[in-house]
Amino acid sequence: MQTLSVPKKKVSKEAIYGTCFAGIPIMGFVIFGLIPMIVAVVMAFTDVQFVLEDLQWVGFENFAYVLKNKTFWKSVGNTFYFALSMPISLVMALIVSVLLNQDIKCKKLFRTIFFIPYVCSVVAVALMWKWIFDANYGVLNAII
């Protein structure tokens, strides 16, 4: 009886480098995603005082406490409010951008009016820092 030997494949340097580079995001997911998720699930079913060493199993008592808490329901309402306001604001922004791309009178003026809040905040911060660090009348100079 003959035994068939399977020839061994040589692993190229490119395959080794590729595996190493693919392992970096996987390690990042395990360290910063999977392990915290497992710890959070364990903490959800236990009573943790301060350190993870003193764990007491409480089952679903934490969930019952949260469902009775008024602050939790307020935060759920705020989440729904934000979740509904986001699509509405995106649709409104899309409508305004489509209207501003039409051939209308004073198109550049309307674009400028809508763009001013983005520019003004940067200008206001820059002027504030210029005022703080002014050599003659700056706030920081007066303190020093």
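One can find the structure itself at the top, above this paragraph.
Everything in this summary refers to the structure shown in the same document. (Residues numbered from 1 in each chain as written. Predicted model: local features only at pLDDT ≥ 70, side-chain atom pairs only at ≥ 80, totals over all residues. Heavy atoms only, no water.)

## Considerations on the overall build of the chain
Argument step 1. If you tally the helices and strands in the chain, you get five helices and two strands.
Argument step 2. When its helices and strands are written in sequence order, the chain yields α-β-β-α-α-α-α.
Argument step 3. On C-alpha atoms alone, the chain measures out to a radius of gyration of 30 Å, which is more than a quarter above the 15 Å that the 2.2 N^0.38 rule sets for 144 residues.
Argument step 4. Principal-axis analysis of the C-alpha atoms places the extent of the chain at approximately 90 × 55 × 50 Å.
Argument step 5. Relative to its 144 residues, the chain shows a buried fraction of 4%.
Argument step 6. Contacts in the chain between residues far apart in sequence, at least 24 positions, make up 0% of those at least 6 positions apart.
Argument step 7. Surface summary for the chain: the accessible area is close to 13600 Å², and the carbon and sulfur share equals 73%.
Argument step 8. Where the 12 positive side-chain charges of the chain centre and where its 7 negative ones centre are 19 Å apart. (Helix = DSSP H or I, 4+ residues; strand = E, 2+ residues; numbered from the N terminus. Rg over C-alpha atoms; globule rule 2.2 N^0.38 Å. Buried < 20%, exposed > 50% of the residue type's maximum accessible area, 1.4 Å probe, protein only. Contact = heavy atoms within 4.5 Å. Areas by Shrake-Rupley, 256 points an atom, 1.4 Å probe, with all protein chains shown as cover. Lys, Arg positive; Asp, Glu negative; His and termini not counted. Charge placed at Lys NZ, Arg CZ, Asp CG, Glu CD.)

## Considering the packing of aromatic side chains
Argument step 1. Within the structure shown, the criterion is met by six aromatic pairs.
Argument step 2. The interplanar angle of 15° and the centroid separation of 5.7 Å between the aromatic rings of Phe 45 and Trp 57 together place this pair among those described as stacked. A residue pair is termed long-range when its members are at least 10 positions apart, and Phe 45 in the loop between helix 1 (13-44) and strand 1 (46-48) and Trp 57 in strand 2 (residues 55-57) qualify at 12 residues.
Argument step 3. Ring centres 5.0 Å apart and planes at 75° place the aromatic pair Phe 72 and Trp 73 in the edge-to-face group.
Argument step 4. The class for Phe 72 is partly exposed, based on a relative accessible area of 28%.
Argument step 5. Here the aromatic cluster, defined as three or more aromatic residues joined through ring pairs, consists of Phe 45, Trp 57, Phe 60 and Phe 63. (Phe/Tyr/Trp six-rings, centres within 6.5 Å; stacked < 30°, edge-to-face > 60°.)

## Concerning helix 4 (residues 107-132)
Argument step 1. Between the first and last C-alpha of helix 4 there are 38 Å, a value that for 26 residues agrees with the 38 Å anticipated at 1.5 Å per step.
Argument step 2. A bend of about 40° at Phe 115 is the largest found in helix 4, and the proline Pro 117 appears one to four places after it. (Expected span 1.5 Å × (residues − 1). Bend = angle between axes of the 7 residues up to and from the residue.)

## Regarding the side chain of Thr 46
Argument step 1. Its location among the elements puts Thr 46 in strand 1.
Argument step 2. In this structure, Thr 46 is in contact with Leu 55, Gln 56, Trp 57, Val 58 and Asn 62, ignoring residues within four places of it in sequence.

## Observations regarding the environment of Leu 109
Argument step 1. On the secondary structure map, Leu 109 appears in helix 4.
Argument step 2. Given the relative accessible area of 47%, Leu 109 is considered partly exposed.
Argument step 3. Along the backbone, Leu 109 and Pro 36 are 73 residues apart, and their C-alpha atoms lie at a distance of 51 Å.

## A short note on unusual backbone geometry
Argument step 1. Although it is not a glycine, Cys 106 sits at a positive phi angle of roughly 60°.
Argument step 2. Inspection of the secondary structure puts Cys 106 in the loop between helix 3 (70-100) and helix 4.
Argument step 3. The exposure class of Cys 106 is partly exposed, given its relative accessible area of 48%.

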